[in-house]
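Coordinates in review
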Amino acid sequence: MSQMHYCQNCDDPIPMKPAVTEDGRQVARCTQCGNDVPAKRLPLFVVAGASASGKTAITQPLIDALPECAVFDVDWLIDPLGRMCLPDPMDWAGFRDAWLAVAHGLAQGGRSTVLLCPFVPEQLDELPLREWVGDTHFAALDCNDDVRRARLEARPAWRERNIEQHLEFAAELRKRLDTVVSTDEGTPEEAAASVARWVRSHLR
Ligand SMILES: [Zn+2]
């Protein structure tokens, strides 16, 4: 069980819980002595896409379009966290929890986090650190099946191309998520601008 905050006043390592003070400040509160420390929870944005949805292409345009947020491609932690798990396979729940810890850290400076990733809602809801971020908002980055097939087939040979599985996951995201941003046509900058508008509609 991972935890975010431990009380620095108590002699034992007491895990702190999220709480809100009477004057409305979000804090971490010691369950033993009642000590509070600041612990803001801001909305977390998940731009979920199956392989070849255009996540890599929109990463930099989205970083540029949302300077008030922190935008990450979750793949950036695959190698270092995968190495920590060796010789076992990646602990994917731990991997997702690490991203919640990053989002919580950034929230302390007032920045919401946007993750480009293949996560679905229940994969975050079940995590130990879920309570340390605010509301989560999901959008699907999508393309039609023909475009996805062509993009996957154009990839270098060293990349896996389990095409049917990716088409199936894309169909699931499309069905489940209310906000869908298509990358079939238009530039990555235009898709990034759509995602940025969606993020800002929830930050107002
Ligand atoms: Zn305490």
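Quick note: structure is the one above.
Report on the accompanying structure. Because the structure is predicted, anything quoted here is derived from the model rather than measured. (Residues numbered from 1 in each chain as written. Predicted model: local features only at pLDDT ≥ 70, side-chain atom pairs only at ≥ 80, totals over all residues. Heavy atoms only, no water.)

1. Remarks on the pattern of salt bridges
For the structure on display, the rule yields 11 salt bridges. A salt bridge links Glu-172 to Arg-176, with the nearest nitrogen and oxygen atoms 3.5 Å apart. Placement of the pair is Glu-172 and Arg-176 together in helix H6 (residues 163-176), with a separation of four residues, close to one helical turn. Residue classification places Arg-176 among the partly exposed positions, given a relative accessible area of 36%. Members of the salt-bridge network, linked through shared partners, are Asp-142, Asp-145, Arg-148 and Arg-174. (Salt bridge = Lys/Arg side-chain N within 4 Å of Asp/Glu carboxyl O. Helix = DSSP H or I, 4+ residues; strand = E, 2+ residues; numbered from the N terminus. Buried < 20%, exposed > 50% of the residue type's maximum accessible area, 1.4 Å probe, protein only.)

2. Some remarks on the environment of His-104
With respect to the helices, strands and loops of the structure, His-104 is situated in helix H3 (residues 92-107). In this structure the C-alpha to C-alpha distance between His-104 and Glu-122, which are 18 residues apart in sequence, comes to 19 Å. Excluding its chain neighbours within four sequence positions, the residues that come into contact with His-104 are Met-4, His-5, Ala-39, Lys-40, Trp-132 and Val-133. Within the local environment of His-104, its side chain forms a polar contact with the backbone oxygen of Lys-40, the two atoms lying 3.4 Å apart. (Contact = heavy atoms within 4.5 Å. Polar contact = N/O pair within 3.5 Å; in protein donor to acceptor, adjacent residues only side chain to side chain.)

3. A closer look at the sheet that holds strand S1 (residues 16-20)
Strand pairing in a sheet relies on backbone hydrogen bonds. The paired strands run either parallel or antiparallel. With antiparallel pairing, three strands are arranged side by side in an open sheet as S1-S2-S3. Each edge of the sheet is formed by a strand with only one pairing partner; in this case those strands are S1 and strand S3 (36-38). The average angle at which neighbouring strand axes cross in this sheet is 35°, direction not considered. (Pairing = 2+ DSSP bridges. Axes fitted to C-alpha atoms, helices over the stretch in contact; angles between N-to-C directions.)

4. Describing the packing of aromatic side chains
Applying the stated rule across the entire model yields five aromatic pairs. Centre to centre, the rings of Phe-72 and Trp-99 are 5.0 Å apart; their planes meet at 45°, and the pair counts as tilted. Here the residue Phe-72 occupies a position in strand S5 (residues 70-73), and Trp-99 occupies one in helix H3, the gap between them amounting to 27 residues. Residue classification places Trp-99 among the buried positions, given a relative accessible area of 3%. With centroids separated by 5.1 Å and ring planes inclined at 75°, the aromatic side chains of Trp-92 and Phe-95 adopt a geometry described as edge-to-face. Placement of both Trp-92 and Phe-95 in helix H3 is noted, with a separation of three residues, approximately one turn of the helix. Of the residues examined, Trp-92 reaches a relative accessible area of 41% and is grouped as partly exposed. Given the relative accessible area of 1%, Phe-95 is considered buried. Here a set of aromatic residues connected by ring pairs shows up, and it is made of Phe-72, Trp-76 and Trp-99. (Phe/Tyr/Trp six-rings, centres within 6.5 Å; stacked < 30°, edge-to-face > 60°.)

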